[in-house]
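# Observations on chain architecture
The chain contents come next:
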Amino acid sequence: MNGKQISIDKVPDPTFSQKMMGEGVAIEPIEGEVVAPADGKVTLTFPTKHAIGITTNNGLEILIHIGLETVNLDGQGFEVHVSKGDQVQAGDRLVSFDLPFIKENAASIITPIIITNSNRVHEWSFSEDQEVEKGKSTLFEVKMKTINNGSSSKKAQNQKDDYAEEAKAIVEAVGGLDNIYAATHCVTRLRFALKDDEEVDQKKLDEMDIVQGTFVTGGQYQVIIGQGTVDKIYKSMVNNVGIKESSKEEVKAAGGKKQNALQRGVKTLADIFIPILPAIVTAGLLMGINNLLANEGVFFDEASVVQVYPSWAGIADMINIIANTAFTFLPALIGWSAVKRFGGNPLLGIVLGLILVHPDLLNAHSYSNAVSNGDTIPTWNLFGLEIEKIGYQGQVLPVLVAAWVLAKIEIWLRRKVIDSLQLLVVAPVALLITGFLAFTLIGPVTFTIGGWITDGIVTIFEAAPIIGGMIYGAIYAPLVITGMHHTFLAVDLQLIGSTGTTFLWPILALSNIAQGAAVFAMMFALKDEKLKGLAGTSGISAWLGITEPAMFGVNLRFKYPFIAAVLGTSIAGAFITLQNVLATGIGIGGMPAFLSIVNHTWGAFFIGIAIVVIIPFLLTYFIAIRKQRTSNK
């Protein structure tokens, strides 16, 4: 396919980034077509159409997995042009897909290309090309090992036994039939909705040759097996062990029910805010660039760049408008994503968000000043009831609750109104009712609650900045493991909307840098070349704001690098909070984070960076060296 080549270590899915399925590369496609990478035979196709497997003429087994979590799309947006058993030549079209649809509805469009029988490869040679072109670019070259008769006999025996023993062993290891709500499989892994994850015998699973890795996500316990084999294991589980065949939707629903209310709430917030994160991060980065031009004391004493060079004023103002747009119309972004998450029409969510920031309303940022100065607040008179005409710029809670109400009203109307009248009834009625509720009830109540949340967090950090910064620095990385860190994105946005700055986000940036420093220490300390390479690439990603490869690929595997990073972040968090380091927006949570920091606190923030680089690096390095020396004795 045409696109940008990405290291497999940077794929935001541990199944691929930790190479549980095997070695490979990934491509971020720019168009929706997949062609055969080599001459061979189509060995795997799937009803969900999101992946395809090819065995080349020299025995290399290649899995092309289009996007991440695309199995949940159930074939929508994909068209397969070959059948299992077809002979193909390099460049033949295999699959076409609707790239905009996949980009909007899947977790990611990044497409891993995996060699699932990597153990048969003797020598690898990877291309360093960034841009790849279908039918022309070479991603990698390999030299294959010879297969001995023993491994061939074992494979034949496994096929003969239909994997009955392996299927039984896996079911027993996950707690037995009584511990399984439902089970299904995708291209590479078994997916279980378990009653109790504590019943899993992890050691037993790790010792199985057929199991390439395990992890838990979205309430599902997933066991990585590999393409081709996973469907045979699943069939044996159904035929020989007594597992009831379930669809992916049934397993997903069962896994969701197993989550408690807090976990479901956090997942909902993540589903809403992750899609709009690129716009928010871009806005924060551009605001940082504007700060460099417009703030005094950055390059000149008591003067800004635009004051010294007035010709730059127009550029700075234009950058400021571009940067502020995402925050000014934040309710529209949240409205789009939230209504989509709650099952409604996302376009109505955009309209709802724009209604809440209509220019005829008193700006939310001016509301507190008007109240404190005793100015008259404009109102509507609804049959004697005075309703304040205020907007909700930069606010999170009002549009979240209103979006939920809008989606529920729309869904109910779609069920009740006949098809011929839906265009005339559903959207107008849903928006009208939600709009009235937003201005009369939802907005005032949630605006007040949001103020309480903001005031409460600010008060805690003002009263005990050292303790607040230390605790948040200590818990942020563990929150990333659980996914609960997305909750604080909403808190950061609420703080920025209410006060213009946030003191939480700078600690987030330091946490990412700390994880990167710890993994860089492992790169220097480890002797395993494969792990050294993974540590190096994931360290760079962490310092640019993407910590998952570093955390899940290396730091959590060895534990002490993760703990060292948490310790460093806790100390640095206490320091920068005491120094009142603030961010004007949410930028890139890594080394470039200083661009989003208020410039007069840069010095304190850079000291914080030094703390999270030096402490995690030194602790991790010396512990790693000591452990290696101990193991060699």
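Quick summary incoming for the structure in this document. (Residues numbered from 1 in each chain as written. Predicted model: local features only at pLDDT ≥ 70, side-chain atom pairs only at ≥ 80, totals over all residues. Heavy atoms only, no water.)

Taken together, eight strands build an open sheet; the order of strands is 8-4-5-6-10-2-1-12 and the sheet is antiparallel. In the strand order of this sheet, the two ends are held by strand 8 (87–88) and strand 12 (131–132), each with one partner. Alignment of strand 4 (residues 40–45) against strand 5 (residues 51–56), held across five bridges, turns out to be antiparallel. What sits directly across from K41, in strand 5, is T55. (Pairing = 2+ DSSP bridges. Helix = DSSP H or I, 4+ residues; strand = E, 2+ residues; numbered from the N terminus.)

Here we take up the side chain of Q222. Along the polypeptide, Q222 turns up in strand 17 (residues 220–224). Polar contacts involving the side chain of Q222 include one to the side chain of R189, which spans 2.9 Å. (Polar contact = N/O pair within 3.5 Å; in protein donor to acceptor, adjacent residues only side chain to side chain.)

This paragraph deals with a positive patch on the surface. A grouping of K41, K84, K232 and K235 is seen on the molecular surface, where their side chains present a positively charged patch. Residue position: K84 is located in the loop between strand 7 (78–80) and strand 8. (Patch = residues over 30% accessible without salt bridge, like charges linked within 9 Å, V, L, I, M, F, W, Y side chains within 5 Å. Areas by Shrake-Rupley, 256 points an atom, 1.4 Å probe, with all protein chains shown as cover. Salt bridge = Lys/Arg side-chain N within 4 Å of Asp/Glu carboxyl O. Lys, Arg positive; Asp, Glu negative; His and termini not counted. Charge placed at Lys NZ, Arg CZ, Asp CG, Glu CD.)

This paragraph deals with the pattern of salt bridges. Counted under the stated rule, the structure contains nine salt bridges. The salt bridge involving K134 is made with E31; its shortest N-O contact spans 2.7 Å. You can see K134 sitting in the loop between strand 12 and strand 13 (140–144) and its partner E31 sitting in the loop between strand 2 (24–29) and strand 3 (33–35), a full 103 residues away along the chain. For K134, a relative accessible area of 24% puts it in the partly exposed group. Classification of E31 as partly exposed rests on a relative accessible area of 29%. Here R191 and E69 are joined by a salt bridge, their closest N and O atoms 3.7 Å apart. Of this pair, R191 sits in strand 15 (residues 189–194) while E69 sits in the loop between strand 6 (61–65) and strand 7, and the two are 122 residues apart along the sequence. Here the residues in one salt-bridge network are E31, E33, R93 and K134, joined through shared partners. (Buried < 20%, exposed > 50% of the residue type's maximum accessible area, 1.4 Å probe, protein only.)

A word on empty space enclosed by the protein. Summed over all chains, the structure comprises one cavity of 30 Å³ or more. Size it by volume and the largest cavity reaches roughly 40 Å³. Lining the largest cavity, in full, are D13, H65, E69, V71, C186, R189 and R191. Looking at side-chain class alone, the lining of the largest cavity contains two nonpolar, one polar and four charged residues. (1 Å grid on protein atoms, 1.4 Å probe; cavity = no way out; pocket = protein on both sides within 12 Å on 5 of 7 lines; lining within 4 Å. Points joined across faces, edges and corners; volume = space filled by probe spheres on them. Nonpolar A, V, L, I, M, F, W, Y, C, P; charged D, E, K, R; others polar.)

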